[in-house]
Amino acid sequence: MNTLLIIFLLPVILILLFFFLIAPARVDARLRASFFGCRFAHRGLHAKDKSVPENSLAAFRLAVEAGYGIELDIRFTKDKQLVVFHDDTLLRMCGVDQRVDAFTYAELQEFRLLDSDEQIPLFSEVLSLVNGRIPLLVEIKTGPENALLCQHAYDMLQTYQGLYCIESFHPMIVRWFKKHAPQILRGQLSAPMQAFDGALSGISAFLLSRLLTNVLARPHFIAYHKGKAPLSVSLCQTLGAMRAVWTLRDTDYTGNPAELFEANDMIIFEFFRP
């Protein structure tokens, strides 16, 4: 009898555990409404021909003028300044094969983005430029001092008079905001395992791709890579998570673009104007 009971209960327990692990936080209706339908220009409204570099003041100015929200990336410099820059290193954008946090902000001003006149901007400069005119989606990049990075970002955002939300691939960064700033809309970035391309261990990539880390962060929204998503993502959204997709490009459209927008609460796009 005990064996039969265990055989019956074990699948039920595993299913309940699975739902517990992937469950999102409840999203306040007013907070959901504030971001519903937002279209975020990925790293600003930068150009496919690189004439306007990504994460530049020029790209952000164009997004503001066009009325789009902005997705951007923040990280530390050596002297703990918050700059807007995606990569860990300067190689792709500035031609220097060293880490961003190996330089002070003053030293970084010697470099140019993609041989343009644009420099790496401070996060405070971007906030001043946007000035609350459009929503911001702030991706907090992973580094050696994640908690301090979160605190600095939060301190700066507390004085900003505009609409913003945060996201990260690192669940402990999202968890920091769950613990210290639960009123801010927070999102978990994720993607299929192969998209991590060795950046994470196999186990970490599996857990993150299936949203099994939600138990740590309890995100309000899931920003998942475009294309087919695993069942856990759909179930998480069924449980109340807002839906965001990254990064839609001009080449993704073979049918009616409206269908892609209707399938998501928020979108992150580049190289076209939805």
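Everything below is about the structure shown above.
Values in this document were obtained by computation on a predicted structure and should not be read as measured data.

Chemist: Teacher, can you tell me more about the overall build of the protein here?
Modeler: Each helix and strand in the protein was counted, giving 12 helices and 11 strands. A compact globule built from 274 residues should have a C-alpha radius of gyration of about 19 Å, and the protein, at 20 Å, falls within 12% of that. Referenced to the eigenvectors of the C-alpha coordinate spread, the extents of the protein come out at roughly 75 × 45 × 35 Å. Looking at the 274 residues of the protein, the share that counts as buried comes to 49%. When the accessible surface of the protein is totalled, it reaches about 13500 Å², and 57% of it is carbon and sulfur. Here the protein contributes 27 positive and 28 negative side-chain charges, whose respective centroids are spaced 8 Å apart.

Chemist: What's the story with the pattern of salt bridges in this structure? I'm lost.
Modeler: Note on pairing: side chains with opposite charge can pair once their charged atoms come close. Applying the stated criterion across every chain yields a total of 12 salt bridges. Of the charged contacts in the structure, one is a salt bridge between aspartate 73 and arginine 43, with a shortest N-O distance of 3.9 Å. With aspartate 73 in strand β2 (residues 69-76) and arginine 43 in the loop between β1 (39-42) and α3 (57-66), this residue pair connects regions lying 30 residues apart in the sequence. Judged by relative accessible area, which is 13%, arginine 43 ranks as buried. With its nearest N and O atoms 3.2 Å apart, the salt bridge here joins lysine 48 to aspartate 250. Highlighted residues: lysine 48 in the loop between β1 and α3 and aspartate 250 in the loop between β10 (242-249) and α12 (257-262), separated in sequence by 202 residues.

Chemist: What's the story with helix α6 (residues 123-130) in this structure? I'm lost.
Modeler: Structurally, the α-helix is built with 3.6 residues per turn, so residues lying three or four positions apart point the same way. For α6, the complete set of buried residues consists of Phe123, Val126, Leu127, Leu129 and Val130. For α6, the angular spread of buried residues about the axis comes to 160 degrees, placing them on one side. In this fold, the buried residues of α6 make contact with α3, β2, β3 (82-84), β6 (136-140) and α7 (146-158). Looking one or two residues beyond α6, the residue adopting positive phi is asparagine 131, at roughly 55 degrees.

Chemist: Got a minute to help me understand the side chain of aspartate 73 in this structure?
Modeler: Among the residues examined, aspartate 73 registers a relative accessible area of 0% and is labelled buried. Polar side-chain contacts of aspartate 73 include one of 3.0 Å to the side chain of asparagine 55. Residue contacts for aspartate 73: discarding those within four places in its chain leaves Arg43, Asn55, Val83, Val84, Phe85, His86, Glu139 and Lys141.

Chemist: I'm lost on the environment of alanine 181 in this one. Help?
Modeler: Secondary-structure assignment places alanine 181 in the loop between α8 (171-180) and β8 (186-190). A relative accessible area of 0% places alanine 181 in the buried class. Separated by 155 residues in the primary sequence, alanine 181 and arginine 26 have C-alpha atoms spaced 15 Å apart. In this structure alanine 181 touches Tyr154 and Trp176, once residues within four positions along its chain are discounted.

Chemist: Would you mind showing me how to read a nonpolar patch on the surface here?
Modeler: Judged by side-chain polarity, Leu5, Phe8, Leu9, Val12, Ile13 and Leu16 come together as a nonpolar surface patch covering roughly 570 Å² of accessible area. Position of leucine 9 among the secondary structure elements: in helix α1 (residues 2-22).

Chemist: Just checking my understanding: could you explain the environment of glutamine 119 for this structure?
Modeler: Residue placement: glutamine 119 occurs in the loop between α5 (105-108) and α6. In this structure glutamine 119 comes out as partly exposed when scored by relative accessible area, which is 30%. In this structure the C-alpha to C-alpha distance between glutamine 119 and alanine 244, which are 125 residues apart in sequence, comes to 29 Å. In this structure, glutamine 119 is in contact with Gln109, Phe111, Arg112 and Leu113, ignoring residues within four places of it in sequence. In this structure the side chain of glutamine 119 is engaged in a polar contact, spanning 2.9 Å, whose partner is the backbone oxygen of glutamine 109.

Chemist: Please explain the side chain of serine 190 as it appears in this structure.
Modeler: Mapped onto the elements of the fold, serine 190 is located in strand β8. With residues near it in sequence (within four places) discarded, serine 190 still touches Phe169, Leu208, Ser209, Leu211, Ala223, Tyr224, His225 and Trp246.

Chemist: Explanation requested: the layout of surface pockets in the structure shown.
Modeler: It is a probe the size of a water molecule, rolled over the atoms, that shows where empty space is left. Put simply, the largest pocket is a space of about 1100 Å³. Along the lines of polarity and charge, the residues of the lining of the largest pocket split into 21 nonpolar, 11 polar and 17 charged. Taken as a whole, the second largest pocket holds about 280 Å³ of empty space. Considering the residues around the second largest pocket, the lining is formed by 17 residues, among which His225, Lys226, Gly227, Val245 and Asn264 are closest to the centre. For the lining of the second largest pocket, the secondary structure elements donating two or more residues are β9 (221-225), α11 (231-238) and β10.

Chemist: Would you take a moment to explain the state of the cysteines for this structure?
Modeler: The bond known as a disulfide is covalent and runs between the sulfur atoms of two cysteines. One pass over the full model with this rule turns up zero disulfides. Looking at cysteine 150, it has no disulfide partner, and the nearest cysteine sulfur is the one in cysteine 165, 15 Å off. The class of cysteine 150 is buried, set by a relative accessible area of 1%. Considering cysteine sulfurs only, cysteine 165 is the nearest to cysteine 236, which forms no disulfide, with 16 Å between them.

Calculation notes
Residues numbered from 1 in each chain as written. Predicted model: local features only at pLDDT ≥ 70, side-chain atom pairs only at ≥ 80, totals over all residues. Heavy atoms only, no water. Helix = DSSP H or I, 4+ residues; strand = E, 2+ residues; numbered from the N terminus. Rg over C-alpha atoms; globule rule 2.2 N^0.38 Å. Buried < 20%, exposed > 50% of the residue type's maximum accessible area, 1.4 Å probe, protein only. Areas by Shrake-Rupley, 256 points an atom, 1.4 Å probe, with all protein chains shown as cover. Lys, Arg positive; Asp, Glu negative; His and termini not counted. Charge placed at Lys NZ, Arg CZ, Asp CG, Glu CD. Salt bridge = Lys/Arg side-chain N within 4 Å of Asp/Glu carboxyl O. Arc of directions from axis to C-beta. Contact = heavy atoms within 4.5 Å. Polar contact = N/O pair within 3.5 Å; in protein donor to acceptor, adjacent residues only side chain to side chain. Patch = residues over 30% accessible without salt bridge, like charges linked within 9 Å, V, L, I, M, F, W, Y side chains within 5 Å. 1 Å grid on protein atoms, 1.4 Å probe; cavity = no way out; pocket = protein on both sides within 12 Å on 5 of 7 lines; lining within 4 Å. Points joined across faces, edges and corners; volume = space filled by probe spheres on them. Nonpolar A, V, L, I, M, F, W, Y, C, P; charged D, E, K, R; others polar. Disulfide = S-S within 2.5 Å.

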